[in-house]
Every structure is written in structure tokens, then in C-alpha cells.
Amino acid sequence: MPQPEFLPIQWKSTYLSLLDQRALPGKKEFLEIKSVEETIIAIRDMAVRGAPAIAITGIFGLTLGAKKKSGKVNSQEIESLIKQVFESRPTAVNLSFALQEAKKRVEGETLWESVQTVWESFALEMMVDDLNANQTLGKNGANLFPKNQEEFHIITHCNTGALATAGHGTALGVIRSLRDMGKKVVVYADETRPFLQGSRLTAFEMMEEGIECYIITDGMSGWLMNHRKIDAVLVGCDRVAANGDTANKIGTYNLAIVAHEHNVPFYVCATKDSFDLNLKTGEEIPIEMRKESEVTQFDFLKTHDGKYLFPEGKTSPVGARALNPSFDITKAKFIKNFITELGCFVPGEIPIRLKNV
Ligand code: MRU
């Protein structure tokens, strides 16, 4: 677990305190989020990121929205607030599921004051549930690794740790659990272009925990699998379709193909909130397209008072075009197992394992 000063989401009753992940690791700054509008900006601009963290933040955002109102409420007003938050980031399904639940929980409420109370408790409950789920998932994943082996070399992508969740993490949660079982873990963190969640956030979390970690660029995994014995690839996810196709941070699909070629087991770590059984295959998962400038320059790395961390951060010719899909789909055939709080299972078992959960 990160030290309390690094907890990414802290509810302060009158506002939401968010660790600004754009400024990490250089600066540890907290944003004071006081309205639903500010919440949406924080999610869209990735001050807070990671599917579970986005969902929790979204419900605190609704709470802040309700706080600004008083007296009678009608269902259109509720729907319009929910719609605003829903539109902030499209790929991770956690936010959309949480918003559907938030809507259900206030059915029949007639006053904004009670809506606010319901949403506030829901967001706090989500934090507890997510932490518990991550801890269980972590242990389930750690148990997949051979008991008689003392050291594991693991590649991971993006950031799936305490910064992306309510704590512990999903893929990084398995790594933490292995370490807690007394195993030595060596982590290779894909830097995760363009937003650098791997080099900025995963390396930061691993160093905080004293877990040996090497940053590799996203293209190095083939070299690494040829030159060192890699025991597993562990990644998180933003949405899993019913057939097991999985959306995760851009670059995950390439990593899965390389792992397949080298017979390295590729595991997707996810809580039940990531499985979208409404979608048959990954082709139906919406992929967020982000600004070209995130690829062509490093100008997204700003402190909240607007100062650039890299004032001369352009890494491409002026006017160069770029593509910036934020996620890709890893085909189910490349996934050895899903590691969840409900247990570990192969893609074909998804409908049975997730039914009625
Ligand atoms: O764009 P991000 O940083 O929100 O993307 C995050 C990921 O892709 C994570 O792997 C995923 O959300 C799981 S976090 C437990």
C-alpha cells in the first residue's frame, strides 16, 4: 500500500482530494476537486486514471454535483448529471457500471440531500470493495505461480497499482502478494508510451515498495524474452468482452503476441467490474482516441498551476501528425488466464464464472 500521503483518492466530505498523477513522479500535488465539472476534467485529463480509480472518482463527482443542489430532484436531472460523468472516458467499463448502479440506488429519492448521501456512501463502499477485491485477486494470482520457485521475473504494462485502484492494485496487486508470500520478484515495467504510466507510476510504486524494477521501452519485450527467463506477463484491463477479448492500455496487444511467440504465460488481472457480458467480442469495445500532441510532445506533463515539466518538450517536427488510440484489444486466444477475485479462469469460462455475480 502506498503511504497515506500518496493515496490517490481521498474523500474530505466537502471536496475530493486527488493526487495529480500527471505530475508524478516529479511532484506530489493534490487537486481539491469541488464540483462535478472539475471531476470530469480530472478524469478526462488523466489527473486520475486507471479503470477502478476512474469509477470511484466518478461517483464522488456525482456526490459533489448533488451537493451543489438542494430541494426536490427529478429523474431527468439525475440522468443529466450521470450522462456528463459517463462521457468523460469511454473505454473502461467500470465507470459505466458504477453509474448504472448509482442511478439504481437513488430511484425513488425525491430530495437532492438524500441523493447526495446515497452517492457518498456508495463511493465510500466502492473504495472498500475494490481494495478487498484487489487483495483477494492478488492472492489468487500469486497462487498460480509454482510454490517451489523463489524468484519470479514479470513483465507488466501501464500502471495497475494502488494509484489506479483503491489500493493494492490488480496486476501490481499480484506482484505485491507474491512479495508478501516471501518471494523475490523482479519487475520489468513497459514505459507505456505516450503517457508513460509505466515509467512514471509503476516504477514509482515499485521503488516505494522496495521491489526490484527495471523500466523497459515498449519495444523491448521481445529482446527481454529472448535474453532473460520471463515467468509471466501480468497486465490489467479496462474492459473484457464475453469471449475474453480484452481492452487495455495501447501496447498490450503487441506484448501478448510477443509473449505467445515465446511461450510466456500472459495473464489479465481484473475485478468482476471489468467484464462486460453485453459485448460479444472486443470489436464492440469503444476505443478512446486522445490528442495527437500527447504523442508528438510531452506537454501533458504539467503541474496543476500550469507549469510545463518539459518546457522544450517537443519530440517531433512542428506540424507532424500522429495517431493516439489510448487502448488496444488483445484477442482472447493470447490470454492464458484471467486472474480475478472470483478465482482464475480461461477466457471460455467467462460466461459461467461471471453469471449472476
Ligand atoms: O489510460 P489509463 O492510464 O487510465 O489506462 C489504465 C490501464 O490501461 C490499466 O491497465 C487499467 O485501467 C487497469 S488499472 C487496475
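Residue indices follow the written sequence of each chain, beginning from 1 at its first position. Reporting of local features is limited, given that this is a predicted model, to residues whose pLDDT is at least 70; pairs of side-chain atoms are given and counted only at 80 or more, and all residues count toward the totals for whole chains, interfaces and linings. Side-chain metrics in this entry use all non-hydrogen atoms of the structure; hydrogen atoms and water are not considered.

The name an unreviewed UniProt entry assigns to the protein is Methylthioribose-1-phosphate isomerase, from the organism Leptospira ellinghausenii. Per UniProt, the comment on the protein under Pathway (unreviewed entry) is "Amino-acid biosynthesis; L-methionine biosynthesis via salvage pathway; L-methionine from S-methyl-5-thio-alpha-D-ribose 1-phosphate: step 1/6." UniProt positions are given in the numbering used here, feature names are shortened, and annotations may be inferred rather than shown by experiment. Under the Sequence similarities (unreviewed entry) heading, UniProt states for the protein: "Belongs to the EIF-2B alpha/beta/delta subunits family. MtnA subfamily."

(A) Main features of the UniProt feature "active site" (unreviewed entry) in the protein. The positions UniProt marks with the feature "active site" (unreviewed entry) are D238. Here D238 shows up in the loop between β7 (232-235) and β8 (239-241). Relative accessibility decides the category of a residue: with a 1.4 Å probe and only protein chains considered, values under 20% of the type maximum give buried, values over 50% give exposed, and everything between is partly exposed. According to the relative accessible area criterion, D238 is buried, its value standing at 7%. Leaving out residues up to four positions away in the same chain, D238 has contacts with A51, T91, A92, V93, N94, A247, N248, K249 and F327. Each helix is a run of H or I in the DSSP string that is no shorter than four residues. Each strand is a run of E no shorter than two, and both are numbered from the N terminus. Residue contacts follow a heavy-atom distance rule, with two residues in contact if any of their heavy atoms lie within 4.5 Å.

(B) Region of interest: the sheet that holds strand β3 (residues 30-33). Pairing between strands requires that DSSP locate at least two bridges from one strand to the other. Spatial strand order, β1-β2-β3: three strands in an open sheet with antiparallel pairing. Whereas interior strands pair on both sides, the edge strands pair on one side only; in this sheet they are β1 (9-11) and β3. Taking the axes of each pair of neighbouring strands and ignoring which way they run, one obtains an average angle of 20 degrees across the sheet. Axis definition: a line fitted to C-alpha atoms, limited for helices to the stretch in contact. Angles are taken between N-to-C directions and run from 0 to 180 degrees.

(C) Geometry of unusual backbone geometry. Following L24, the chain continues to P25 via a peptide bond in cis, the omega torsion being 5 degrees. Between R193 and P194 the backbone carries a cis peptide bond, its omega angle lying at 0 degrees. By the secondary structure assignment, P194 is in the loop between β5 (184-190) and α7 (197-209). For S13, which is not a glycine, the phi torsion comes out positive at approximately 70 degrees. With respect to the helices and strands, the residue S13 is situated in the loop between β1 and β2 (16-19). Its relative accessible area of 39% is what places S13 among the partly exposed residues.

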